Amino acid sequence: MKTKNILYALLAMVMIISSCKKEVVIEQTDGILPSSFMVEIPSSISYSPASAKLSSVNVVPLHGDTIYEMLRAFVNVGDQAAQITHNIIQAINTNNLSQPMSFSFTGDDGNTKDVAIVNGTNYDYEMTISDAGNNALQVFWNTNSGNGVEGFSILNIYEIDHNNGIQFTNTLIRIDYSEVTTAYDKEMLVQITGWPMSGTNDIDNLKMFVGKTSSGILDIYGNSNHPTAIIVDTTHQDGFEWAFRAHSDAGLNIAVAEVGLPTTTHSINTDIFSNFSIYNVLQTEVHSYWDPFVATGQITQAQVDSIIDLYLVNAEAPGFFAAGQGFVKAGTAPIIGASGYNFLESRMNSMNLLPYIPSDINALTINWQ
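Residues numbered from 1 in each chain as written. Predicted model: local features only at pLDDT ≥ 70, side-chain atom pairs only at ≥ 80, totals over all residues. Heavy atoms only, no water.

With that settled, the discussion passes to helix H6 (residues 339-351). Helix length check: H6 (13 residues) gives 18 Å between terminal C-alpha atoms against 18 Å at 1.5 Å per residue, within 8%. Buried residues belonging to H6 abut strand S9 (217-226), strand S10 (240-249), strand S11 (254-260), strand S12 (319-322) and strand S13 (326-330). (Helix = DSSP H or I, 4+ residues; strand = E, 2+ residues; numbered from the N terminus. Expected span 1.5 Å × (residues − 1). Contact = heavy atoms within 4.5 Å.)

One pair of aromatic rings is described through two measures. These are the centre distance and the angle between the planes. Taken as a whole and assessed by the stated rule, the structure comprises 15 aromatic pairs. Their ring planes at 35 degrees and their centres at 5.5 Å tell us that Phe-37 and Tyr-177 sit as a pair that is tilted. In this pair, Phe-37 sits in the loop between helix H1 (3-19) and helix H2 (64-93) while Tyr-177 sits in strand S6 (residues 172-178), placing the two residues 140 residues apart along the sequence. What makes Phe-37 buried here is its relative accessible area of 1%. In this structure an aromatic cluster arises from ring pairing among Tyr-184, Phe-209, Tyr-221 and Tyr-356. A cation over an aromatic ring shows up here: Arg-174 above the ring of Phe-152, its NZ or CZ 4.0 Å from the ring centre. Above the plane of the ring of Tyr-356 lies Lys-207, whose end atom (NZ or CZ) is 4.5 Å from the centre. (Phe/Tyr/Trp six-rings, centres within 6.5 Å; stacked < 30°, edge-to-face > 60°. Buried < 20%, exposed > 50% of the residue type's maximum accessible area, 1.4 Å probe, protein only. Lys NZ or Arg CZ within 6 Å of the ring centre and 35° of its normal.)

In terms of nonpolar packing, the biggest core is built from 74 residues, with Ile-45, Met-127, Trp-141, Met-188, Met-208, Ile-220 and Leu-261 touching the most fellow members. Broken down by element, the residue count for this core peaks at twelve residues, all from H2. (Core = buried A, V, L, I, M, F, W, Y, C linked by side-chain atoms within 4.5 Å.)

Attention now goes to unusual backbone geometry. In this chain, Ala-317 is followed by Pro-318 through a cis amide linkage whose omega measures -5 degrees. Mapped onto the elements, Pro-318 comes out in the loop between helix H5 (301-311) and S12. Here Ala-132, not a glycine, exhibits a phi torsion of approximately 55 degrees, which is positive. Note on placement: Ala-132 falls in the loop between strand S3 (125-131) and strand S4 (134-142). Unusually for a residue other than glycine, Asn-253 sits at a positive phi of about 55 degrees. Residue placement: Asn-253 occurs in the loop between S10 and S11.

It is worth stressing that arrangement in space is one thing and function is another; only the former is reported here.
This is the structure:
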């Protein structure tokens, strides 16, 4: 079973991304830099693998709730990525910059980082941070809309801090952020490409959308790409994507989510939660392991069915989550007295949000502007 390796890979990813953050809190600013550039995600649907209990992943075949726990880890990766740009902007914002200008500072890696803020062409302002002429961060934003900030940023993991390692030379993170949207109070799109892969099951690309309403309801969907991933069947060639959709109540800090496991080469997204639901995929994987024993008479089909019933009991969609508790339950059976969960499940069914086309995420690219 390779799932523990996926969780460890996610832990490494979160640790590297977190090391790029500058923890600076800005109460308010009169400068031209935006004071906010991300949508915060409730802990019920976002958690760091550093605090996860990994004992359950030793079970073979895989428990469905472990897949759901990894979903929350994937969301956390996107959440941490968004905080990088947000916190760098906040750190620079302590200077209350009020006009286009250029200056330099010394980064954590001891290198000189050059900052240039100019009036933009397609946006009000553009900011570039570079290291020896190489782009480390670009931010493009509008502030004169009257309704809030909108813009996007692109970050290079290596150039922002060489301590992260030269293997991150081609790793780019893009955050699109808007407070000027008709569907949500604010929304963001997180994209990561070129994450260095060192082993089976590693993640290389990720794309995640987060929209938050004025009432504190979040809609989240996206894909993480694992081109060499295997679950049980070691002959699997096309990798997997964890494709997900989730709805969360920030006030109650609860969430409802659904996961599909399509291959990285799959070219449509309309069947991800049916043909490629976690239950169906894991059921196929379990059969790939046990069916040869059925063919040789070492185990009966009824026994295999019992194994599937036992190990996939938590794989029925959707999954329910709460802050401090994590995974609560799976399946459509109601949670007694949980009107918040019922609302989120109803929202999931009525909105029917779809993740991205897997093959598109497998081929995802980010380009400097």
